Amino acid sequence: MTRRLGGPGVAAAVLLAAIVAITLLAPLLAPYNPDLPDLFNALGGATAAHPLGGDALGRDVLSRLMYGARTTLLAPVLVICVASAAGTTLAIVAAWAGGKVDAVVSRLLDVLFSVPGIVFALVTVAVLGPGVPGVVIGLAVAYTPYVARVVRSAALRERGLPYVAAAWVQGRSATAICLRHLLPNLRPIIVAQSVSALGFAVIDVAAVSFLGLGVQPPTADWGLMVKSGLDSAMRGQPLEALSAGLLIALVVAAVNLLGDRLGRQS
Amino acid sequence: MSVIEAERLRKVYGDATAVDEVSFTVAEGESLAIVGESGSGKTTVARMLLGLETPTAGTISVCGRPRPPGRVSAGERRRRAREIQIVFQDPYSSLDRLQRAGDVIETSLALHFPLTPAERRKKALDLFESVGLAERHAAMLPRQLSGGQRQRVAIARALAVEPRVLVLDEAVAALDVSIQAQILNLLADIREQRSISYVFISHDLAVVNQISDTAIVMRHGRVVERGNTRDLLREPQEDYTRALLAAVPRPGWKPTRRNAQ
Amino acid sequence: MSLLTLEGFGLAVPYGRGRRTLVEQVDLTIGRGEAVGLVGESGSGKSMTARAVIGLTPPGARVTGRIVFDGAEVPSGRALRRLRAERIAMIFQDPRAHINPVRSVGDFLTEAMIHNLGTPVRQASARAVRLLKEVGIGDGERRLRQYPHELSGGLLQRVMIASVLAVEPDLVLADEPTTALDVTSQSEVMAILDELRRERGMAMLLITHDLELAAATCDRLAVMYAGRIVEDIDGEPRHPYTRGLMRSRPSLEEAVHRLPVIPGRPVAAFEAGEGCAFGPRCDLAEPRCRETRPPFVRGVACLRAEETA
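Reading guide: rules and limits
Residues numbered from 1 in each chain as written. Chains lettered and ligands numbered in written order. Predicted model: local features only at pLDDT ≥ 70, side-chain atom pairs only at ≥ 80, totals over all residues. Heavy atoms only, no water. Contact = heavy atoms within 4.5 Å. Buried area = accessible area lost by both parts, 1.4 Å probe. Salt bridge = Lys/Arg side-chain N within 4 Å of Asp/Glu carboxyl O. Helix = DSSP H or I, 4+ residues; strand = E, 2+ residues; numbered from the N terminus. Expected span 1.5 Å × (residues − 1). Buried < 20%, exposed > 50% of the residue type's maximum accessible area, 1.4 Å probe, protein only. UniProt positions renumbered as here; feature names shortened; annotations may be inferred. pLDDT = per-residue confidence, 0-100. Pairing = 2+ DSSP bridges. Phe/Tyr/Trp six-rings, centres within 6.5 Å; stacked < 30°, edge-to-face > 60°. Lys NZ or Arg CZ within 6 Å of the ring centre and 35° of its normal. Core = buried A, V, L, I, M, F, W, Y, C linked by side-chain atoms within 4.5 Å. Domains from an automatic or database assignment.

J.: When you look at the interface of chain B and chain A in this model, what are you seeing that I'm missing?
T.: Interface size is commonly expressed as the accessible surface area that is lost when the partners come together. In this assembly, 23 residues from chain B lie in contact with 16 residues from chain A. Between chain B and chain A the total buried area reaches about 1,700 Å² when both faces are included, carbon and sulfur atoms providing 55% of it. It is Arg77, Asp96 and Arg97 of chain B in chain B that bury the most area against chain A; as a group they hold 33% of the surface buried on that side. Here chain B and chain A share 1 salt bridge between them. Here glutamate 158 of chain A and arginine 97 of chain B are joined by a salt bridge, their closest N and O atoms 3.1 Å apart.

J.: Is there a simple way to explain helix 6 (residues 177–193) of chain B in this structure?
T.: Taking 1.5 Å of rise per residue, 17 residues should cover 24 Å, and helix 6 of chain B covers 25 Å from first to last C-alpha, within 8% of that figure. Among the 17 residues that make up helix 6 of chain B, 12 are buried, leaving the element largely enclosed by the rest of the structure. Within helix 6 of chain B, the full set of buried residues consists of Val177, Ser178, Ile179, Gln180, Ala181, Gln182, Ile183, Leu184, Asn185, Leu186, Leu187 and Ile190 of chain B. Packing partners of the buried residues in helix 6 of chain B comprise helix 4 (117–130), helix 5 (147–160), strand 7 (165–169), strand 8 (197–202) and helix 7 (205–211) of chain B together with helix 10 (240–248) of chain C.

J.: Would you take a moment to explain the pattern of salt bridges for this structure?
T.: Pairing is possible between side chains that carry opposite charge, provided their charged atoms lie close to one another. Counted under the stated rule, the structure contains 51 salt bridges over all chains. A salt bridge links arginine 288 of chain C to glutamate 286 of chain C; its shortest N-O distance comes to 2.7 Å. With a relative accessible area of 35%, arginine 288 of chain C lands in the partly exposed category. In the salt-bridge network here, residues are joined through shared partners; they are Arg65, Arg67, Glu76, Arg80 and Glu83 of chain B.

J.: So what exactly am I meant to see when it comes to unusual backbone geometry here?
T.: Trans peptide bonds make up most of the peptide bonds, and negative phi angles are found at most residues other than glycine. At the junction of proline 217 of chain A and proline 218 of chain A, the peptide bond is cis and its omega measures out at 10° in the coordinates. Mapped onto the secondary structure, proline 218 of chain A falls in the loop between helix 8 (174–210) and helix 9 (222–234). Non-glycine residue glutamate 176 of chain C carries a positive phi angle of around 45°. With respect to the helices and strands, the residue glutamate 176 of chain C is situated in the loop between strand 7 (171–175) and helix 8 (183–200).

J.: Please explain the UniProt feature "domain: ABC transporter" (unreviewed entry) in chain B as it appears in this structure.
T.: The sites that carry the UniProt feature "domain: ABC transporter" (unreviewed entry) are, in the present numbering, residues 4–245 of chain B. From the first C-alpha to the last, residues 4–245 of chain B spans 28 Å; its make-up is 39% helix and 26% strand.

J.: Looking at this structure, I do not really get the confidence of the model for chain A. What am I missing?
T.: In low-pLDDT regions, the fine details of the predicted coordinates are not to be read closely. When the pLDDT values of chain A are averaged, the result is 88; 98% of them are 70 or greater. The spread of mean pLDDT over the elements of chain A runs between helix 2 (residues 26–29) of chain A, the lowest at 84, and helix 7 (residues 162–169) of chain A, the highest at 96.

J.: Honestly, the pairing of strand 4 (residues 62–69) of chain C in this entry has me stumped. Any pointers?
T.: The side chains of a regular strand alternate between both faces of the sheet. Residue and element names in this part refer to chain C. As paired elements, strand 1 (residues 2–15) and strand 4 share 7 bridges and run antiparallel to each other. Among the inter-strand pairings, alanine 12 is bridged to a residue of strand 4, identified as arginine 62. In this sheet, strand 5 (residues 72–73) lies alongside strand 4 in antiparallel orientation, the contact comprising 2 bridges. Paired with valine 68 across the bridge in strand 5 is glutamate 73.

J.: What is the right way to read the UniProt feature "transmembrane region" (unreviewed entry) in chain A from this model?
T.: Residue and element names in this part refer to chain A. Per the UniProt annotation, the sites labelled "transmembrane region" (unreviewed entry) are residues 12–30, 73–96, 108–128, 134–151, 189–215 and 241–259. In this annotation, residues 12–30 is assigned 89% helix and 0% strand; the end-to-end C-alpha distance for the span is 23 Å. Taken as a whole, residues 134–151 contains 100% helix and 0% strand, while its terminal C-alpha atoms sit 26 Å from one another.

J.: Would you mind showing me how to read the UniProt feature "domain: ABC transmembrane type-1" (unreviewed entry) in chain A here?
T.: In the UniProt entry, the feature "domain: ABC transmembrane type-1" (unreviewed entry) is given for residues 69–259 of chain A. Annotated as residues 69–259 of chain A, this span is 86% helix and 0% strand, and its ends, taken at the C-alpha atoms, are 20 Å apart.

J.: Teacher, can you tell me more about the packing of aromatic side chains here?
T.: Each aromatic ring pair is summarised here by two numbers: the centre-to-centre distance and the angle between the ring planes. Following the criterion strictly, the structure yields 6 aromatic pairs over all chains and no others. Among the aromatic side chains, those forming a connected cluster through ring pairs are Tyr143, Tyr146 and Phe200 of chain A. Sitting over the ring of phenylalanine 113 of chain B, lysine 123 of chain B keeps its end group 4.3 Å from the ring centre. In this structure, arginine 20 of chain C packs its charged tip against the face of tyrosine 15 of chain C, placed 3.5 Å from the ring centre.

J.: Would you explain the nonpolar core in this entry?
T.: Note that soluble globular proteins tend to have their nonpolar side chains buried in a common cluster. Formed by 92 residues in total, the largest nonpolar core has its most connected members in Val135, Ile161, Leu171 and Leu205 of chain C. Broken down by element, the residue count for this core peaks at 9 residues, all from helix 7 (residues 153–166) of chain C. The residue makeup of this core includes at least three contributed by each of domain 1 (2–87 + 172–181 + 197–271) and domain 2 (95–168) of chain C. If sequence neighbours within four positions are ignored, valine 135 of chain C has contacts with Arg257 of chain B together with Arg158, Ile161, Ala162, Leu165, Ile192 and Leu196 of chain C.

Below, the structure is given as structure tokens:
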């Protein structure tokens, strides 16, 4: 596995693992309560006590970053889990059934694919109200074709192989062939495509938060921190926006690199 | 009694006719060869016999039971599976690359026979032995097996359901010469030991001579000649059959050019 | 003087931390205008040997021995590309994999003439039409405008041969050129190669698994097994492997109850043990066959060749 990923791939995996670990251990590691205002630290610069300074309310930026990764990363992971499950199911059903079913599913996917993810999130948020559930549902719909289109063409190729015909001639049911043969053989492609979609989902979730439609204050979230940090930056304290923005970029780059490496070996 | 009756089979894709008015029967225990070059429609005929393609016109009956087109119940599909099975050409893609050789056979057995796990394993190993594989091969993945061994697994998989007819679609074409002979002998042994009929799809006349009793020669979707394999190869009546024979390299043979096209 | 000489040629590829030998101790010569068949099953190293002549070796491969073409050691880099473009050509088993699918037959045929020889476009096209005619393809003007997917495998292989003729090489390496073709196309393609070779004095190295085909179209045959040449066939085959191969092939004349088979499967060089690589499959093997590699004496590498002849 390490050899397949190569040096940069391993570095990306280690970085992501470290971020996840810090997030999980935030209650132990964070120097301050992330939600506790401290007027003496409002818009404070970097000091030994507050390495990344404080935000407009004086909350410790480093602690907020540690806690904020939770919503920033958990929401995209949820989005991709739902989108992968839905996309894979649609893809395999379309590839197996062929004909009209395939044509309808493919057109539907094309239509969904042509609409930017943010637009879906705006619609579901409008219906369900601002918050994580609306964002996740909207983006999951948006990312379904991203997984489904690639998996469908791989499934079509797989379905054409003689071993699938042999299983059919043996009297195996379509469900058994899809679950026992197609799905395991498609797994590497599904994983690679999902990981590379995850990178985009991180950006989209952060963008929706930035617009104020996702996670609601006072919960710590990187997207929100970029937004509130912009105000602070105008008032001379750029550390909050900079550090949150930099972390988002780092995570996206690492996830994309990992997806690329995983895709190459499949 | 004939195990296969195919009557006036026809298969049209768009405006191309792949198979046209093809009729033949296969008697119990007989080995019929369908000979032809690429594009002759021989593989399409095989796929129609297996139900992998639906004939545009014509009828097929296997073991005396007609097979009209259309969806059938799961039970009926399993019943049909015990009538006719297939071995494909490419030993690499005809096995699931993630499935161990022993599991391939046990899955077939589980689908068709009520056996305890121990009985199933025993029977799978018996099948392995009958196709010249050893117990240690059961735990191997396809990529750990050679081409000849994979083809043996594919044959064992087909035999596991105890079919009356075995279709062999260029089943020895992709194998090394020394392995090809081993598989041809194995197929001959199987036919001696079980009451099974073969439909042997091939472009190789020498192989056809070795394995079949009767043969039909196809070209552009039609049957151009049919008869007893021996007679057909000794005294071909049609120009096309003669041209096919003339093109087979042998001692003293010289390649020849047709007229420039 | 010979055109191509391989002396003690060997090839090993990286595997894990070590290397795996695929070809070893191959000596082979081809004279000008001569056709030599290199026959073997999978893993024999026949294809690897032919490809190495024009530098097509797997990544990280280590080549030993010497390859001499027309009196000089085969170079590398730019000089090798030049040699490949002008004097040695290769025909592959699957022409479709070696012809760019999005470019027309005309582009494919005239590219080398225009870029390597500096022929004007109009002249190059006219010459391409003549070449197609030579390989039995009429109405060349129409064919030049067609794309590879519009042609059958047999036609495409003839286009491949036409492209080889365009540079008038001294040596053609034909790697299973007819294996993917129908028997009637095979006969035709081999006839074309044969005719062109005689007319132009081209030498040919034919790589094939088909002993009969090689015997019918080549002046000499070499049989490879497990990365080595085990026999140079001169008249009746003497090596037990060659004899076994010939016996195990079904015949058109008679059907036998059981084919006399060679047991086991062909092995690659790195799988072979100490003694004769074919020993474990040989019905003539004696204890001494297991001890040392049989030397290549008078055209055959078998300790018992004299007795069986």
